[in-house]
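Chain residues, written in single-letter form:
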Amino acid sequence: MSSTMLIEELATRGLAYELLSHEHTERAADEAEALEISPDDVAKTIVLVGDPGRARVVVPASERIDLRKVRETLGAGKEMRLATEDELAADFPMFELGAVPPFGGPEGDRVVVDPRIAERESVVFEAGSHGQSLRMRSADLLAVTRAETADICHD
């Protein structure tokens, strides 16, 4: 169901994509390994909650986010933190727990994409499940999410 929702949104916008099936994975680095691609080509979406509301931040599987940089980018206070499993389950019931993609589901999330993803030709990310991923042009991902780009990776 979850990948169908994303595919419909992309089709409505006329955006090209490739649906990739793979073994069940829990981490973006494992997703890259299952698909036999570099972790630099796989994006992980991290959901944060705090002062400015909910945000999805997108970084390469090979990197870690820097919450200080994210807070500065979002203009958030110290309350900006990782969403809990209960919050993810309540806010994103259409996706498997821990497989929230950069778009789809509830509207209004602020999306920040690290330049390491934004500058790539294409990117792979979970399609709302732990066994399916989507590959699409990074420029199209930025367009569909209306994302801002900022260096949000740990140095």
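The structure we're discussing is the one just above.
Just so we're clear, the structure is a prediction, and the values are computed from it rather than from any experiment.

A.B. asks: I would appreciate a short explanation of the nonpolar core in the present structure.
C.D. replies: Within soluble globular proteins, side chains that are nonpolar tend to cluster in buried spots. With 27 residues, the main nonpolar core has Phe 103, Phe 125, Met 136 and Leu 141 as its most contacted residues. Broken down by secondary-structure element, the contributors of at least two residues to this core are helix H1 (2–13), strand S2 (43–50), strand S5 (110–113), helix H5 (115–118), strand S6 (122–126), strand S7 (132–137) and helix H6 (138–145). Not counting residues up to four positions away in its chain, the partners in contact with Phe 103 are Leu 6, Glu 9, Leu 10, Arg 56, Phe 95, Phe 125, Met 136, Leu 141, Val 144 and Thr 145. Counting 14 residues, the second-largest nonpolar core is a separate cluster that includes Ile 65, Val 70, Leu 74 and Cys 153.

A.B. asks: Help me understand the sheet that holds S6 in this model?
C.D. replies: One key point about sheets: their strands pair by backbone hydrogen bonds, in either a parallel or an antiparallel sense. Spatial strand order, S1-S7-S6: 3 strands in an open sheet with antiparallel pairing. In the strand order of this sheet, the two ends are held by strand S1 (18–21) and S6, each with one partner. With direction set aside, neighbouring strand axes in the sheet form an average angle of 25 degrees. Sheet topology note: the S1/S7 ladder contains 4 bridges and is antiparallel. Within the sheet, the bridge partner assigned to Glu 18 lies in S7 and is Arg 135. Running at roughly 115 degrees to S6, helix H2 (residues 28–35) makes contact with S1, S6 and S7 of the sheet. Sheet strands in contact with H6 are S6 and S7, and its direction is about 100 degrees off that of S7.

A.B. asks: I tried to follow the sheet that holds strand S3 (residues 53–60) on my own but got confused; where do I start?
C.D. replies: Ordered by their spatial adjacency, 5 strands build an open sheet running S4-S2-S3-S5-S8, and the pairing between neighbours is mixed. Each edge of the open sheet carries a strand with a single partner, namely strand S4 (81–82) and strand S8 (148–149). Where S2 and S3 come together, 8 bridges link them in antiparallel fashion. Residue pairing across strands places Ile 46 opposite Val 57, the latter belonging to S3. Helix H3 (residues 67–74) rests against S2, S3, S5 and S8 of the sheet, and its axis sits at about 125 degrees to S5.

A.B. asks: Is there a simple way to think about the pattern of salt bridges in this case?
C.D. replies: Pairs can form between side chains of opposite charge whenever their charged atoms are close. With the rule as written, the count across this model stands at 16 salt bridges. Linking Asp 41 and Arg 120 is a salt bridge whose minimum nitrogen-to-oxygen distance equals 2.5 Å. Highlighted residues: Asp 41 in the loop between H2 and S2 and Arg 120 in the loop between H5 and S6, separated in sequence by 79 residues. Residue class for Arg 120 comes out partly exposed when judged on its relative accessible area of 31%. Of the charged contacts in the structure, one is a salt bridge between Asp 155 and Lys 69, with a shortest N-O distance of 2.8 Å. Placement of the pair is Asp 155 in the segment after S8 and Lys 69 in helix H3, with a sequence separation of 86 residues. Of the residues examined, Asp 155 reaches a relative accessible area of 70% and is grouped as exposed. Look at the salt bridges and you will find they share partners, linking Lys 69, Asp 114, Arg 116, Asp 151 and Asp 155 into a network.

A.B. asks: In this structure, what is going on with the environment of Gly 75? I would like to understand it.
C.D. replies: Relative to the helices and strands, Gly 75 is located in the loop between H3 and S4. Distance from Gly 75 to Asp 51, taken between C-alpha atoms, is 8.7 Å for residues 24 residues apart in sequence.

Calculation criteria
- Residues numbered from 1 in each chain as written.
- Predicted model: local features only at pLDDT ≥ 70, side-chain atom pairs only at ≥ 80, totals over all residues.
- Heavy atoms only, no water.
- Core = buried A, V, L, I, M, F, W, Y, C linked by side-chain atoms within 4.5 Å.
- Buried < 20%, exposed > 50% of the residue type's maximum accessible area, 1.4 Å probe, protein only.
- Helix = DSSP H or I, 4+ residues; strand = E, 2+ residues; numbered from the N terminus.
- Contact = heavy atoms within 4.5 Å.
- Pairing = 2+ DSSP bridges.
- Axes fitted to C-alpha atoms, helices over the stretch in contact; angles between N-to-C directions.
- Salt bridge = Lys/Arg side-chain N within 4 Å of Asp/Glu carboxyl O.

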